[in-house]
Amino acid sequence: WRGWEGAPYSTLVPSDEVTINYRHGLPVITLLLPTRSERCRFTVKPMVTTVGAFLRDVQREDKGIERAEAFATDGSKVSDATLMEVLLMNDFKLVINNTVYSVSPPVKAKLSSEHATEMEDIKSLVHRLFVALHLEDHQLRKERELLQKLDHLKEELLPLEQMKARITDSADAKTSRLLWVGLALMSTQGGALAWLTWWVYSWDIMEPVTYFITYGSAMAFYAYFVLTKQDYIYPDAKDRQFLHYFHRKSKKQHFNVERYNKLKEDLAEAEESLRRLRQALHLRLPIQEISAKD
């Protein structure tokens, strides 16, 4: 379907089949319903009624209408979101089923520049009032959607949170055991060096041994830096070892860390959106959208 000109089996009817008159300042569109064979009047509010809303009203009036569209005179389709005020500024084509109606809106009397400015101000005020009256309903619907999304995310996270708690406890216990083993080894090493120094050998013999042990420890710390690009700081080393145990345990128990993190991010974003929405409802302000992530 590429415009009314290329419609198959379309029939172009005279322009008087669709008439537009103004009554009490509002346009009244009169057209012949195809299946009911009777003329019907549609009063539209041009500043708030869209083309899509008008066409839906026509289809509701005649259930036999399967297609109702509006086209400009050059064949381009008019968007359903276009206001009727814009459509009625120029001639257009109204396509109902396979019949094309040529519509010529009456030319309105030109207003003075001062009167025209006042009319534009009134139109702008009416539009803002319409948006304000329907904004709260939209925000309430959005709040219900966010609450449903939060419930769904929490339901998905519950089993993952329970599995994560078990894995965290296991990894934390292994890390603590490793720290105590390290302390025991260092204590054993200190006791052995003292025993060899005072009871077996002398300090003259053990001094080079302790030197090379110290030098070997320095090499081990340097190797840690080369491999991890981090200084050997005890809290950081503990966290690194904890993460190693955590991810190894997660892989064994098929815990999807990426999915868990994604769900947590979605939950935080939904909670922030709900907080902003409720703040806007309380202050009766428009919703502040969350900026997109980098």
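Keep in mind that this is a model prediction, so the values were computed, not measured.

Chemist: Hey, could you run me through the nonpolar core in this one?
Modeler: Generally speaking, a soluble globular protein has its nonpolar side chains buried in company with each other. Residues Leu31, Phe54 and Leu94 are the most contacted members of the largest nonpolar core, which totals 24 residues. When residues of this core are traced back to their parent elements, those giving at least two are strand 2 (18-23), strand 3 (26-33), strand 4 (38-43), helix 1 (51-61), strand 5 (68-72), helix 2 (84-87), strand 6 (92-96) and strand 7 (99-103). Broken down by element, this core gets its largest block of residues, four residues, from helix 1.

Chemist: Explain helix 5 (residues 234-252) here, please?
Modeler: Every α-helix winds through 3.6 residues per turn, so residues three or four apart in the chain are directed the same way. Given a rise of 1.5 Å per residue, 19 residues ought to cover 27 Å, and the 27 Å separating the end C-alpha atoms of helix 5 matches this to within 8%. Listed in full, the buried residues belonging to helix 5 are Ala237, Phe242, Tyr245, Phe246 and Ser250. Within two residues after helix 5, His254 carries a phi angle of roughly 60°, on the positive side.

Chemist: What should I look at first to understand the pattern of salt bridges in this one?
Modeler: Pairing between side chains of opposite charge can happen when the charged atoms of each approach one another. For the structure shown, the criterion picks out six salt bridges. Among the salt bridges present, the one from Lys77 reaches Asp80, with a minimum N-O distance of 3.8 Å. Of the charged contacts, one joins Glu161 and Lys264 as a salt bridge, the two residues approaching to 3.3 Å between their closest N and O atoms. Residue Glu161 is located in helix 3 (residues 113-200), and its partner Lys264 is located in helix 6 (residues 257-283); the two are separated by 103 residues in the primary sequence. For Glu161, a relative accessible area of 28% puts it in the partly exposed group. Here Lys264 falls in the partly exposed class, since its relative accessible area comes to 34%.

Chemist: In this structure, what is going on with the UniProt feature "transmembrane region" (unreviewed entry) in the chain? I would like to understand it.
Modeler: Look at the UniProt record and you will see "transmembrane region" (unreviewed entry) annotated at residues 178-197 and 209-227. From the first C-alpha to the last, residues 178-197 spans 28 Å; its make-up is 100% helix and 0% strand. Overall, residues 209-227 shows 100% helix and 0% strand. The separation of its end C-alpha atoms is 27 Å.

Chemist: Hey, could you run me through the packing of aromatic side chains in this one?
Modeler: How two aromatic rings sit relative to each other is set out by the distance from centre to centre and by the angle between their planes. Within the structure shown, the criterion is met by seven aromatic pairs. Seen in terms of ring centroids, Phe255 and Tyr260 are 5.7 Å apart; in terms of plane orientation they differ by 50°. Their pairing is tilted. Like Phe255, the residue Tyr260 is buried in the burial classification. Three or more aromatic residues joined by ring pairs make a cluster, and in this case those are Phe242, Phe246, Phe255 and Tyr260.

Chemist: Could you clarify how one ought to interpret helix 1 in this entry?
Modeler: Here helix 1 has its buried residues at Val51, Gly52, Phe54, Leu55 and Val58. The buried residues of helix 1 occupy one face: seen down the axis, they fall within an arc of 165°. The inward-facing, buried residues of helix 1 contact strand 3, strand 4, strand 5, helix 2 and strand 6.

Chemist: Got a minute to help me understand unusual backbone geometry in this structure?
Modeler: Among all residues save glycine, negative phi is the norm, and among peptide bonds the norm is trans. For Lys229, which is not glycine, the phi dihedral falls at a positive 60°. Its identity as a non-glycine residue notwithstanding, His254 has a phi of 60°, on the positive side. Topologically, His254 is positioned in the loop between helix 5 and helix 6.

Chemist: Just checking my understanding: could you explain the sheet that holds strand 2 for this structure?
Modeler: Across a sheet, paired strands are connected by hydrogen bonds in the backbone, their directions being either parallel or antiparallel. Spatially, 2-3-4 is the arrangement adopted by the three strands of the open sheet, whose pairing is antiparallel. Two strands close off the open sheet at either side, each with one partner strand: strand 2 and strand 4. Direction aside, neighbouring strands of the sheet carry axes that sit 25° apart on average. Along the sheet, helix 1 contacts strand 3 and strand 4; its crossing angle with strand 4, the most-contacted strand, is approximately 145°.

Analysis parameters
Residues numbered from 1 in each chain as written. Predicted model: local features only at pLDDT ≥ 70, side-chain atom pairs only at ≥ 80, totals over all residues. Heavy atoms only, no water. Core = buried A, V, L, I, M, F, W, Y, C linked by side-chain atoms within 4.5 Å. Buried < 20%, exposed > 50% of the residue type's maximum accessible area, 1.4 Å probe, protein only. Helix = DSSP H or I, 4+ residues; strand = E, 2+ residues; numbered from the N terminus. Expected span 1.5 Å × (residues − 1). Salt bridge = Lys/Arg side-chain N within 4 Å of Asp/Glu carboxyl O. UniProt positions renumbered as here; feature names shortened; annotations may be inferred. Phe/Tyr/Trp six-rings, centres within 6.5 Å; stacked < 30°, edge-to-face > 60°. Arc of directions from axis to C-beta. Contact = heavy atoms within 4.5 Å. Pairing = 2+ DSSP bridges. Axes fitted to C-alpha atoms, helices over the stretch in contact; angles between N-to-C directions.

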